[in-house]
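In case you want the letters, here they are:
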Amino acid sequence: MAPPPRAYSPAEVRQRCAQGACLVLRGRRLYDLSGFVRLHPGGEQLLRERAGSDVSAALEGPPHRHSRNARLWLEQYYLGESLLETEKPVNSTAQTTNHRMDPRCKTVDPDKDLVDWHKPLLWQVGHLGEKYDEWVHQPVDRPIRLFHSDFIESLSKTAWYIVIMVWIPVVLYLSWFCYTSLAQGTTRLFSSFTTEYSIPVHKYFFPFIFMLGMFLWSLIEYLIHRFLFHMKPPASNYYLITLHFLLHGQHHKSPFDSSRLVFPPVPASLVIGFFYTLLRLLLPEAVGMSMFVGGLFGYVVYDMTHYYLHYGSPKKGTYLYGLKAYHVKHHFEHQKSGTCPFLFLPPHLPHPPGLVV
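None of these values were measured; they are calculated from a predicted model. (Residues numbered from 1 in each chain as written. Predicted model: local features only at pLDDT ≥ 70, side-chain atom pairs only at ≥ 80, totals over all residues. Heavy atoms only, no water.)

Draft legend 1. Spotlight on the packing of aromatic side chains. Scanning all chains against the criterion turns up 16 aromatic pairs. Ring geometry for Trp 160 and Tyr 307: centres 6.1 Å apart, planes at 35°, overall tilted. Pair noted here: Trp 160 is in helix α7 (residues 160-183) and Tyr 307 is in helix α11 (residues 285-311), with a separation of 147 residues, a long-range link. Taking the relative accessible area as the measure of exposure, Trp 160 reaches 35% and is therefore partly exposed. Judged by centre distance (5.3 Å) and plane angle (70°), the rings of Phe 274 and Phe 275 are edge-to-face. Taking the relative accessible area as the measure of exposure, Phe 275 reaches 25% and is therefore partly exposed. Connected via pairs of aromatic rings, a cluster forms that spans Trp 160, Tyr 161, Phe 256, Tyr 307 and Tyr 311. (Phe/Tyr/Trp six-rings, centres within 6.5 Å; stacked < 30°, edge-to-face > 60°. Helix = DSSP H or I, 4+ residues; strand = E, 2+ residues; numbered from the N terminus. Buried < 20%, exposed > 50% of the residue type's maximum accessible area, 1.4 Å probe, protein only.)

Below is the structure:
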């Protein structure tokens, strides 16, 4: 039988706040969000403003709404019970809210979960069947191990800066190669079909072909993300469930696993190699390479932006602040919506309704 939760007096809470802890109260349940504060969708400053440095603000905070998954997430930081005798909203004009936990929300206990978190998950998730879709969209704050082999596991994750170190030199070299190739004046479109109506491609076209590559990458990523990554695999198909978890389900299950927020170079090189070969077959070398390098650069920008949306703290009111709110809504409220082509995102995204950021 589990021991009863510890009770914390107001003096103990003041002491923790004075030491820099970020505490939040829901009903009489006290949570320590110190480890989550820099990951908060609205940034560290906003969360600390809402938690406050004094006990009343830290324990009460203004009434606001979070999604079901956000409340599920909160349970991972449960600290104990508060001994406050009364609980009032900070804003006296606000309506009184029901502080009890949503009955649909259950604490995510890794030791009692549908899978064994002490073993690699990839080969387990396919057995979840009909329970997989709900399980994978209940996020947890812990790293994921996919494979038994340490070597293969190491290839399945990476630090964010490795993406820059590997691919930016490739982008720079190929950009120089494409520009100098086009500068020779020998590149023509449709020359393999006709010489009379072939179109010369000058070096001044390179920036436009480069941007076209970025545009195509954005569109392709959107289509893959929308229709492959967010497909609902048949409950009876072990292999499709496993494939879905490998491609994208793992990210929704553990959205703050920092080693799995960007595409690792080894598997990425397989996908990148496919598009490189396709463009080389369809277009003249210099044109195909120019479009390819634009797409590659678009991928790097996309991956770095995605990492920042999970770990960065953009300033309130900025474009990135709205973009982070939009992306967090995708993870915690409407996982099967909230995707759109990266380059098509509006300059000022509205705050998602029902989500505090």
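Draft legend 2. Geometry of the side chain of Thr 187. Locating Thr 187 in the fold gives a position in the loop between α7 and β5 (188-189). If near-sequence neighbours (up to four positions away) are discounted, Thr 187 is found in contact with Ser 181, Leu 182, Ile 199, Pro 200, Val 201, Pro 284, Ala 286 and Val 287. (Contact = heavy atoms within 4.5 Å.)

Draft legend 3. A nonpolar patch on the surface, seen in detail. Taken together, the side chains of Ile 224, Leu 228, Leu 240, Leu 243, Leu 246 and Leu 247 present a nonpolar region at the surface, about 400 Å² in accessible area. Secondary-structure elements contributing two or more residues to the nonpolar patch are α8 (206-229) and α9 (238-253). It is α9 that contributes the most residues to the nonpolar patch, 4 residues altogether. By the secondary structure assignment, Leu 243 is in helix α9. Residue class for Leu 243 comes out partly exposed when judged on its relative accessible area of 35%. (Patch = residues over 30% accessible without salt bridge, like charges linked within 9 Å, V, L, I, M, F, W, Y side chains within 5 Å. Areas by Shrake-Rupley, 256 points an atom, 1.4 Å probe, with all protein chains shown as cover. Salt bridge = Lys/Arg side-chain N within 4 Å of Asp/Glu carboxyl O.)

Draft legend 4. Local environment of empty space enclosed by the protein. Summed over the entire model, instances satisfying the criterion amount to 2 cavities of 30 Å³ or more. Empty space within the second largest cavity amounts to approximately 50 Å³. Sorting the residues of the lining of the second largest cavity by element identifies α11 and α12 (319-332) as the ones contributing at least two each. Considering every element that reaches the lining of the second largest cavity, the biggest residue donor is α12, with 5 residues. Here the lining of the second largest cavity is built from residues that sort into 6 nonpolar, 3 polar and 1 charged. (1 Å grid on protein atoms, 1.4 Å probe; cavity = no way out; pocket = protein on both sides within 12 Å on 5 of 7 lines; lining within 4 Å. Points joined across faces, edges and corners; volume = space filled by probe spheres on them. Nonpolar A, V, L, I, M, F, W, Y, C, P; charged D, E, K, R; others polar.)

None of this, on its own, says anything about what the molecule does.
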